[in-house]
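A look at the structure
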Amino acid sequence: MTVRMFLSLAAMTAALAGPLAAQTPPATPPAAAQPATPPALQTPADGILARVQGVEIRQADLDAAEEDIGGQTTAQMNPEQKRDYLLSFVIDLTLAAKAAEQRNIQDGPDFARKMTYYRNKLLVETLLNTETRARVTEEEMRKIYDEQRARITPEEEVRARHILVETEEEAKALIAQIRGGGDFEAIAKEKSKDPGGARNGGDLGFFTKGQMVPEFADAAFAMQAGQLSAAPVKSQFGWHIIKVEERRQRPIPTFEQVRGQIEDFLTRRVQADLVQRLRSEAQVERFVPAPAPARPAAPATPRP
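Fair warning: this is a prediction, and the values are worked out from it, not measured in the lab.

Regarding the side chain of D194
Summarising the element assignment, D194 is placed in the loop between α7 (184-191) and α8 (195-199). Within the local environment of D194, its side chain forms a polar contact with the side chain of H162, the two groups lying 2.9 Å apart. When sequence neighbours within four positions are dropped, the list of residues in contact with D194 reads H162, L164 and L204.

Considerations on the packing of helix α4 (residues 111-135) against helix α10 (residues 255-281)
Where α4 meets α10, the axes come as close as 10 Å, and the angle between the chain directions of the two elements is 125 degrees. Judged by the angle between their axes, α4 and α10 are oblique. Here the hand of the crossing between α4 and α10 comes out right-handed. Seen from α4, the contacting residues are L127, L128, E131, T132 and R135; seen from α10, they are L266, T267, V270, Q271, D273, L274 and R277. Of the residues that constitute the contact of α4 with α10, the class distribution is five nonpolar, three polar and four charged.

Some points on the pattern of salt bridges
This model, assessed by the stated rule, comprises 20 salt bridges. The shortest N-O distance in the salt bridge between R259 and E138 comes to 2.7 Å. Taken as a pair, R259 in helix α10 and E138 in helix α5 (residues 138-151) lie far apart in primary sequence, 121 residues in all. With a relative accessible area of 26%, R259 lands in the partly exposed category. For E138, a relative accessible area of 33% puts it in the partly exposed group. Within this structure, E138, R142, E256 and R259 form a network of salt bridges that share partners.

Rules of the game
- Residues numbered from 1 in each chain as written.
- Predicted model: local features only at pLDDT ≥ 70, side-chain atom pairs only at ≥ 80, totals over all residues.
- Heavy atoms only, no water.
- Helix = DSSP H or I, 4+ residues; strand = E, 2+ residues; numbered from the N terminus.
- Polar contact = N/O pair within 3.5 Å; in protein donor to acceptor, adjacent residues only side chain to side chain.
- Contact = heavy atoms within 4.5 Å.
- Axes fitted to C-alpha atoms, helices over the stretch in contact; angles between N-to-C directions.
- Parallel < 35°, antiparallel > 145°, perpendicular 65-115°, else oblique.
- Left-handed = near helix turned anticlockwise from the far one by under 90°.
- Nonpolar A, V, L, I, M, F, W, Y, C, P; charged D, E, K, R; others polar.
- Salt bridge = Lys/Arg side-chain N within 4 Å of Asp/Glu carboxyl O.
- Buried < 20%, exposed > 50% of the residue type's maximum accessible area, 1.4 Å probe, protein only.

Here it is as structure tokens:
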């Protein structure tokens, strides 16, 4: 059983306790109504939250547990619920660990090797986090943003609507209807066989030339804002009637819009640089050869 499975059992026990308690009549009259705002959490002066068979549990133990099993598990809990949940988990974990010690599980043949592995893993995680905090700074992120922004070539975008039909004759008839005063959006909703376009009056939003099939893109980018295609445009999907709504230069994202992406990129780069540096400075002997590159699988049937 993994620690996470153990946590699930503890959580199940806590979840069942509420409904069971609700079915038991109170032994004393109900207490007065509590204030809407819960009181601030109080931590004992000595910092000890619980003592389990002589083992003291402090806030740092709860913090470690939250880092390990928190996330979505505790995200929706208020501070009191979270502390009680984590404290119950650490108490149960301590009890189970004590029971394991009494059976001398720590003296088993695999325990020491696993302990070494998880100790190394924790050391590496702490090292990487320390390196990340030191080098993934606001200044460095803005530097990367400015460098990438300088390399961006302005690109034109078009916002257009379209109606997609199966035949050229139907497309020509609809163009004549629109030129005669027909409402493009209403006709798109009624006639277009593009489900997405039919729902919103044929609006495709803004797109660059490379985002559309060549025939459609060439026609749309040759038109001006407000212009309707003079003739139907054929593509692999059918016959298009195009109306260009707007043209603009594609806006460059602001720093805040891409901050998370830059932070992720810089974090990966910092950690990869650290590992690469450690490899280059260390003496490593491998006694198992690296496997040969995998060959692509042969086709199931001969190619024509």
